[in-house]
Amino acid sequence: MNRMDRILNGLPGDVMFLLGNEAIARGAIEAGVGFATTYPGTPSSEVGDTLSKVARKGGFYFEFSVNEKVATEMAYAAAISGVRSFVFMKHVGMNVAADAIMSMSYAGVRGGMVIMTADDPSMFSSQNEQDNRHYAELAHLPMLEPSNPQEAKDFVIRAFEISEKFRMPVILRTTTRVSHQRTQVKLGSRSVRVVDAKFDPAKGDFVTLPSSSMGFKSELIEKMELARQYCEKTDLNRTETHGSGKYGFITSGEAYNCLTDAIRKHSIDASVYKIGMTSPLPEEEIASFLSLHESVFVVEELDPYLESGVRRIAQMHSSTARIYGKIDGIFPASFEYSPEVVASSLSGIINIEVGNESPPVSVADLPKRPPVLCPGCPHRATYYAVRRAARMSGLSDVIYSSDIGCYSLGTYEPFEMADVLLEMGSSIGVGSGLSKVTGRHVIAFIGDSTFYHAGIPPLINAVRNGSRMTVVIMDNDITAMTGQQTNPGVPYDGMGQPVKPVSMEAIVRAVGIDNVVVADPYDLKSFLPTVMKALKSEGVSVVIARRECAILRDREMQRKGERVVYAVDSGKCGLCMNCVENFSCPAISIQEGKIAISPDLCDGCGVCAEPIVCPFRAIAAGE
Ligand code: SF4
Ligand code: SF4
């Protein structure tokens, strides 16, 4: 049995060494999920990578939706038809889905619905570190926060049960360290749920108009009160005592792990109230915990979400406990925690010795090692050609607007072709605004998956309102950055079945753009003049730079047993340094004063051999 088969068919009591996200996928399987959907985003991606591989054998539906809002709407449709549905996304994806979530919380569900958000403290692969626990409060929804892969699996099942108990979606919130933590996980039994999807609402059950939503709102508040009463008694929350238990701690999620390590290392007399269900908060339990301690520390990453609630409860219950947290500056307000961060924060209040410990390493102190595009990446050729085309077209004040994907790496040297980068689809939206407000020519870069996700409405807007810009859609035939997932331009779906791809050039033409061209960035000789022609456009022009991701190409070449690497003829090399300084493929370096190509890194794309890169024609395919 291979690994995926074991995740699907592992027996109750089996123990597997699982990534948090794999454990979450197994939890959904054990819960009898019928419908699962996502838009891939780190740190949530492996949930979809797992479910997509086992869905057909497991007898449930899975899709990579076009974006998180649509994914959430799809899952909601299943849930209001009585099917257990699971939608998952990275934290910023929740912003896209929020429009749907804020209203579906009103109308509620029939089958269980779990919405997973994977937050990213320290922004390892994100543009911000927003704390999505606020969404539970905003939408009035229950929320569970696991601390490790075992809890992650088990909490998914509990989330489905709570969702069906109160007929409302339930949020499962993880962070990078929980989603990407790997530990032993004991499997449970798979629930066999044969559910015929049935959508037979009474009139208005799922219609959110003012007349009905007024009633929904009152019901929602009542449901959350019932959920709070459940939360007061649930075993998802527990208290642990270390030593005399003198100091009180309230915590959740990954912060619990950091706190526990710090307590053990420094032998702190601690009583820890670990909250697994963090919305609604167990007010009476928290009040009771406060009454038992003179000092209570609230330990949590990112925003003072728990702490604000604890302080509110303390005020309501006239608690005399001294509360410490972020609001009073005891704990850091940003970035993920470590046991050292927790211990050093506590050392100002509790008498523990942390002086001999190495201080936590600040990311800011580390040497800068910006990530680079892979050898053979078509985006490198695109950036190289576009920059040259802009220069040759006399566009000295061009604005580069970039987007979310592998091509975000064009921000770094040597290209530095991102003057603005905000969120999915913003290259076109912000780029269009900049062209309007400054009158300058804007070149917007956007990937294929991002274009389908959020690039189409701003493109319509740019055309409709007469922006002057060139949009370069970097179509590498896959959603590459998050792990090679399918997207609407790819001829197979999330379960690997053949489907008709959606033509981006047809979409571009349909919104009224005539100046659209598809070109291969590997073929620099023709790609460069193509871009120059597009830059002459007075309105919106589109260049679709189409060439598959280098990793896809490598796989295909390996399958065929083909391998080509390039080499430099030192006799011909004029040491102009263009290949190193301006093209910058990681396979090319200077060795003992000569240009060398690493055969281990070279992907054989051949772009560096083009005279536009190597004017001395010193680079050629090796023997
Ligand atoms: S052929 Fe040239 S550009 Fe392509 S991967 Fe090899 S060294 Fe890099
Ligand atoms: S571009 Fe060609 S000639 Fe210039 S340094 Fe590189 S290999 Fe040598």
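Source: prediction; values computed, not measured. Per chain, residue numbering runs from 1 following the sequence as it is written. Both sets of labels track the order of writing: A upward for chains, 1 upward for ligands. Under the rules for a predicted model, residues below a pLDDT of 70 receive no local features and side-chain atom pairs below 80 are neither given nor counted, while totals for whole chains, interfaces and linings still include all residues.

Draft legend 1. Quick look at the overall build of the protein. Each helix and strand counted, the protein has 20 helices and 24 strands in total. Note on method: radius of gyration uses C-alpha positions; expected globular size equals 2.2 Å times residues raised to 0.38. The C-alpha radius of gyration computed for the protein amounts to 27 Å, which stays within 12% of the reference 25 Å derived for 623 residues, consistent with globular compactness. By principal-axis analysis of the C-alpha atoms, the protein measures approximately 80 × 70 × 55 Å. Counting every position in the protein, which comprises 623 residues, the buried fraction comes to 52%. A separation of at least 24 residues holds for 77% of the contacts in the protein among residues at least 6 apart in sequence. Secondary structure elements are defined from DSSP: runs of H or I of at least 4 residues count as helices, runs of E of at least 2 residues count as strands, and each element is numbered from the N terminus. To sort residues by exposure, count the other C-beta atoms lying within 10 Å of each residue's C-beta; 20 or more gives buried, 12 or fewer gives exposed, and values between give partly exposed, all with C-beta atoms placed from the backbone. Here contacts are defined at the residue level, using C-beta atoms placed from the backbone and a cut-off of 7 Å between them.

Draft legend 2. Highlighting helix α4 (residues 68–79). For α4, which comprises 12 residues, the first-to-last C-alpha distance of 16 Å matches the rise-based estimate of 16 Å (1.5 Å per residue) to within 8%. Among the 12 residues in α4, 9 count as buried, and that is most of the element. Of the positions making up α4, those classed as buried are E68, K69, A71, T72, M74, A75, Y76, A78 and A79. In this structure, the buried residues of α4 make contact with β2 (35–38), β3 (61–64), β4 (85–90), α5 (91–107) and β5 (113–119). Expected span of a helix: the number of residues minus one, times 1.5 Å.

Draft legend 3. Seen up close, the environment of R26. Among the structural elements, R26 can be located in helix α2 (residues 20–30). C-alpha of R26 to C-alpha of K153: the two residues are 127 residues apart in sequence and 6.4 Å apart in space. Discounting chain neighbours no more than four positions away, the residues touching R26 are I7, L18, K153 and L187.

Draft legend 4. A look at unusual backbone geometry. Each neighbour pair has its own omega, and for T42 with P43 the value is 15°, a cis peptide bond. Looking at the secondary structure, you find P43 in the loop between β2 and α3 (45–58). At the junction of E413 and P414, the peptide bond is cis and its omega measures out at 5° in the coordinates. Structurally, P414 is set in the loop between β15 (399–402) and β16 (420–421). Of note, S267 is a non-glycine position whose phi angle comes to about 45°, a positive value. What makes S267 exposed here is the crowd of 10 C-beta atoms within 10 Å. Despite not being glycine, D477 has its phi angle at roughly 70°, a positive value. Structurally, D477 can be placed in the loop between β18 (469–475) and α17 (504–510). D477 gets classed as buried once you count the C-beta atoms within 10 Å, which come to 21.

Draft legend 5. Inspection of the sheet that holds strand β7 (residues 170–175) at higher detail. The sheet built from 7 strands is open, its strands ordered β3-β2-β4-β5-β7-β6-β12 with mixed pairing. With partners counted over all chains shown, the strands left at the sheet margins are β3 and β12 (277–279), one partner each. Any two strands with at least two DSSP-identified bridges between them are counted as paired. Two strands pair when backbone bridges link them, and β2 and β4 are joined in this way by 4 bridges, in the parallel orientation. From the neighbouring strand, A36 faces β4, where its bridge partner is F86. Sheet strands touched by α4: β2, β3, β4 and β5. Its angle to β4, the strand with the most contacts, is close to 165°. Helix axes are fitted to C-alpha atoms over the stretch in contact, other axes to C-alpha atoms as well, and angles between N-to-C directions run from 0 to 180 degrees.

Draft legend 6. Spotlight on the sheet that holds β16. In space, the 6 strands of this open sheet follow the order β16-β15-β17-β18-β20-β19, with parallel pairing throughout. The open sheet is flanked by β16 and β19 (516–519), the only strands paired with a single partner. Bridge analysis of strand β17 (residues 442–447) against β18 gives 6 bridges, and the strand direction is parallel. Residue pairing for β18: F445 is matched across the bridge by V472. Docked against the sheet, helix α16 (residues 448–464) engages β17, β18 and β20 (540–546), running at close to 145° with respect to β17.

Draft legend 7. Expanded view of the nonpolar core. Core analysis: the largest hydrophobic core is formed by 110 residues, its most contacted members being A28, A75, V114, V156, I250 and L259. When residues of this core are assigned to domains, at least three map to each of domain 1 (3–197 + 210–233) and domain 2 (238–352). Aside from chain neighbours lying at most four places away, what touches V156 is I24, G27, A28, A31, V114 and L172. Think of a nonpolar core as buried Ala, Val, Leu, Ile, Met, Phe, Trp, Tyr and Cys residues chained together by C-beta atoms that fall within 7 Å. In terms of nonpolar packing, the next biggest core, distinct from the first, is built from 72 residues, M469, V471, V516 and V531 among them. Residue ranges assigned to the domains are those given by an automatic or database domain assignment.

Draft legend 8. Structural detail: the site of ligand 2. Around ligand 2 sit 14 residues, and of these C573, C576, C579, C614 and F616 come closest. Under this grouping Gly is polar, as are all residues other than the nonpolar Ala, Val, Leu, Ile, Met, Phe, Trp, Tyr, Cys and Pro and the charged Asp, Glu, Lys and Arg. Classifying every residue of the shell around ligand 2 gives 12 nonpolar, 2 polar and no charged. Here is the check we use: build the C-beta atom from the backbone, and if it is within 6 Å of the molecule or strand, call the residue near.

Draft legend 9. The packing of α4 against α5, seen in detail. Relative orientation of the contacting elements α4 and α5 amounts to 35°, with a least axis distance of 7 Å. For the element pair α4 and α5, the recorded crossing hand is right-handed. On α5, the residues that touch E68, K69, T72, E73 and Y76 of α4 are G93, M94, V96, A97, D99, A100, I101 and M104. Classifying every residue of the contact of α4 with α5 by side-chain character gives 7 nonpolar, 2 polar and 4 charged. Put simply, a crossing is left-handed when the front helix is turned counterclockwise from the back one by less than a right angle, and right-handed when it is turned clockwise.

Draft legend 10. Fine view of α16. The sharpest bend along α16 reaches about 70° and sits at G455, with the proline P457 one to four residues further on. Those residues of α16 that sit buried are D448, S449, T450, F451, Y452, H453, A454, G455, P458, L459 and A462. Residues of α16 that are buried in the fold lie against α15 (426–438), β17, β18, α17 and β20. With its phi angle positive at about 70°, G466 sits one or two positions after the end of α16. Bend angle per residue: angle between axes fitted to the 7 residues ending at that residue and the 7 residues starting there.

Draft legend 11. The domain arrangement of the protein, seen in detail. Taken domain by domain, the protein comprises domain 1 (3–197 + 210–233), domain 2 (238–352), domain 3 (378–556) and domain 4 (563–621). Using C-alpha coordinates to define each centre, domain 2 is positioned 47 Å away from domain 3.

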